2 protein chains.
Amino acid sequence: MQGTAGSGTESTTPPAAYAPSDRTVPTRSADRASYDRELVHSILDEGYVCHLGFVRDGAPVVLPTLYGRVGERLYVHGSTGSRPLRMTGQADPGLPVCLTVTHVDGLVLARSAFHHSINYRSVVVHGIAHDVTDPEEKRVALDALVDHVVPGRAADARPANRKELAATAVIRLDLDEVSAKLRTGGVNEEPEDYALPHWAGVLPLRKGYDTPVPDEALAPGTDVPGYLTAL
Amino acid sequence: MQGTAGSGTESTTPPAAYAPSDRTVPTRSADRASYDRELVHSILDEGYVCHLGFVRDGAPVVLPTLYGRVGERLYVHGSTGSRPLRMTGQADPGLPVCLTVTHVDGLVLARSAFHHSINYRSVVVHGIAHDVTDPEEKRVALDALVDHVVPGRAADARPANRKELAATAVIRLDLDEVSAKLRTGGVNEEPEDYALPHWAGVLPLRKGYDTPVPDEALAPGTDVPGYLTAL
C-alpha cells in the first residue's frame, strides 16, 4: 500500500524493506540477515570500495572498485577499456553481477577456537548491470562517485570535460535483490567452556583519518576544506 | 632454476614472483600490477576478510568470509551447510573461485573530478577450491584461520572437538594464479589544472584498535593476553 497515495512529493516512498529472494536468504545464520532499506543504505554509504563479481569464460572474477549511490541505484565507473565495464556495454540486456560491501567492526575471541568470529556488517546486491548512456544520468552518477569518497567534494572540483567523459564508462545496478548481514555483540560459548582460563571478549577495530597530506604544488594559503575537517 | 639445488632445507624455495596469466594481467593500469610473492603475502596477511566469488546457476556470487594462509595455500572455512563450501565438496575436481583481499589506504583528492582516486592494495587469486578432507591438514588450516585474526591466539583457545570438526568444512585455494594491484603516492593532475583553486592531496586512512571489551563472564583477574596488547 505504500507509495499509492498522492503525497505531493515527486516520488513515491519505497517500502521499508527489500523483498527477500532465493538468492538473498542465507542458507546459514539467517538470524543475521536483514532486508531493512535504511540499514542497507547506511552500510553502503559507509564503504569506500565494493567487490564487484562477474563471470568471465565461465569463471568468477571479483574486483575491488569505487561506487556511488543515488537513491535505489548504485553506480560503478572506470575506463571504457576496463573488462567488466566493456563487458556490460556489450552484453544484452546487461551483465549479471554481484556487488558486495563489507565492514569489519571487531574481532571476537571466544574460549573455544570454534566460536571465534568477527563483528561485521555487509551488503550483497544481485542483479544486472547496465551501461549508462544518458549524459545527465552519467553526470549525476560521476558526482555521486566523487561525493561517496568525500561528501561535498564534487562541488569543489573541476567537472569532467568532454574528453574525460568519453573515456569513462559508468554502469548502473538497481537496489532490488539486496540483503544485509551482520554480527554484533559479544562472545558465544558452549556452557562448559566458561570455566576455561582463556581470555575472551571483543577487540573493536577503530577507523579514522590521519592528517591530510597536501599536494606539493598546492598554492600557499589554500586551506583544508571544511568537508575534510568534518571527517 | 629455483628450488632445484639441494639446499638442506626441508622445502624448495619458491620463485620470488608468481607467473602472470591471461587472467592476472590487467587490461588497464598495468603499471599498478605486481606478482611479487612477498608483497602478495603481506597484503593477504594484513586482511581480516576476503571476498570469495563463485558461480551459482550461471550468476556470480560474492561473499565476505574469513581466511587463513599457510605458505602457498589459502584456507576458507564455514559450516558444512554453507553454500560455497557445500558446492566445493560436491564439485569435481573442485569449485572455480576468485578470492580478493583489498586494503584502502587513503583518499586521493585531485583538482579535477576525473583524477579522484584511492590509494589501495589488493590481491586477486584465481583458481579451483578443493575440499580439505585430511584431518591433519584441516587442523593446521583451522589454527591458521584463528591465528590470522589474532596471531598467537590458536595456542590459547580450546581446539575444536570431534563434533565441531564434523560441523566445519574447510576449502583450500592454492596461490598460483595470483596478482597484486596497488596505488600509492600523491595526486595526478592535468598540467592545466594546477592553477585551479581547489585543495588537492591525500587523506590517509588510519586503522587501529580500541580497548578490548572482556566477556562479562570472564573470571576476575584474567589479564588481557600479550598477543592482544601487542596489536
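As shown above, the structure is provided for reference.
Note that this is a predicted model, so its numbers are computed, not measured. (Residues numbered from 1 in each chain as written. Chains lettered and ligands numbered in written order. Predicted model: local features only at pLDDT ≥ 70, side-chain atom pairs only at ≥ 80, totals over all residues. Heavy atoms only, no water.)

K.L.:
Can you walk me through the nonpolar core in this structure?
P.N.:
As a rule of thumb, nonpolar side chains are buried together in soluble globular proteins. Ranked by size, the top nonpolar core spans 28 residues in total, and within it Leu-44, Leu-99, Val-123 and Val-125 of chain B carry the most contacts. Listed by contribution, the elements that provide at least two residues to this core are helix H1 (37-46), strand E2 (49-56), strand E5 (73-79), helix H2 (83-90), strand E6 (95-109), strand E7 (117-131), strand E8 (168-174) and strand E9 (177-183) of chain B. Counting residues per element, this core draws most heavily on E6 of chain B, at 4 residues. For Val-123 of chain B, the residues in contact, after removing those within four places along its chain, are Val-40, Ile-43, Leu-44, Leu-99, Thr-100, Val-101, Val-178, Ser-179 and Ala-180 of chain B. Among the nonpolar cores identified, the runner-up in size contains 26 residues, and Tyr-67, Val-97, Val-125 and Leu-175 of chain A belong to it. (Core = buried A, V, L, I, M, F, W, Y, C linked by side-chain atoms within 4.5 Å. Buried < 20%, exposed > 50% of the residue type's maximum accessible area, 1.4 Å probe, protein only. Helix = DSSP H or I, 4+ residues; strand = E, 2+ residues; numbered from the N terminus. Contact = heavy atoms within 4.5 Å.)

K.L.:
How do you make sense of the interface of chain A and chain B when you look at a structure like this?
P.N.:
By a widely used convention, the size of an interface equals the accessible area lost when the partners come together. On the chain B side, the residues contacting the 86 residues of chain A number 84 residues. Here chain A packs against chain B, burying approximately 7,300 Å² in sum over the two surfaces, 64% of which is carbon and sulfur. Of all residues in chain A, Pro-60, Arg-158 and Trp-199 of chain A bury the most surface against chain B, accounting for 11% of the area lost on that side. Seen at the junction of chain A and chain B, the total is 8 salt bridges. Notably, a salt bridge pairs Asp-22 of chain A with Arg-56 of chain B, separated by 3.3 Å at the nearest N-O pair. In this assembly, chain A and chain B are joined by 35 residue pairs in polar contact (both at pLDDT 80 or more). (Buried area = accessible area lost by both parts, 1.4 Å probe. Salt bridge = Lys/Arg side-chain N within 4 Å of Asp/Glu carboxyl O. Polar contact = N/O pair within 3.5 Å; in protein donor to acceptor, adjacent residues only side chain to side chain.)

K.L.:
Would you explain the environment of Pro-214 of chain A in this entry?
P.N.:
Structurally, Pro-214 of chain A is set in strand E11 (residues 213-214). Given the relative accessible area of 43%, Pro-214 of chain A is considered partly exposed. Along the sequence, Pro-214 of chain A and Gly-89 of chain A sit 125 residues apart, while their C-alpha atoms lie 37 Å from each other. Among all residues touching Pro-214 of chain A, those that are not within four sequence positions of it are Trp-199, Ala-200 and Gly-201 of chain B.

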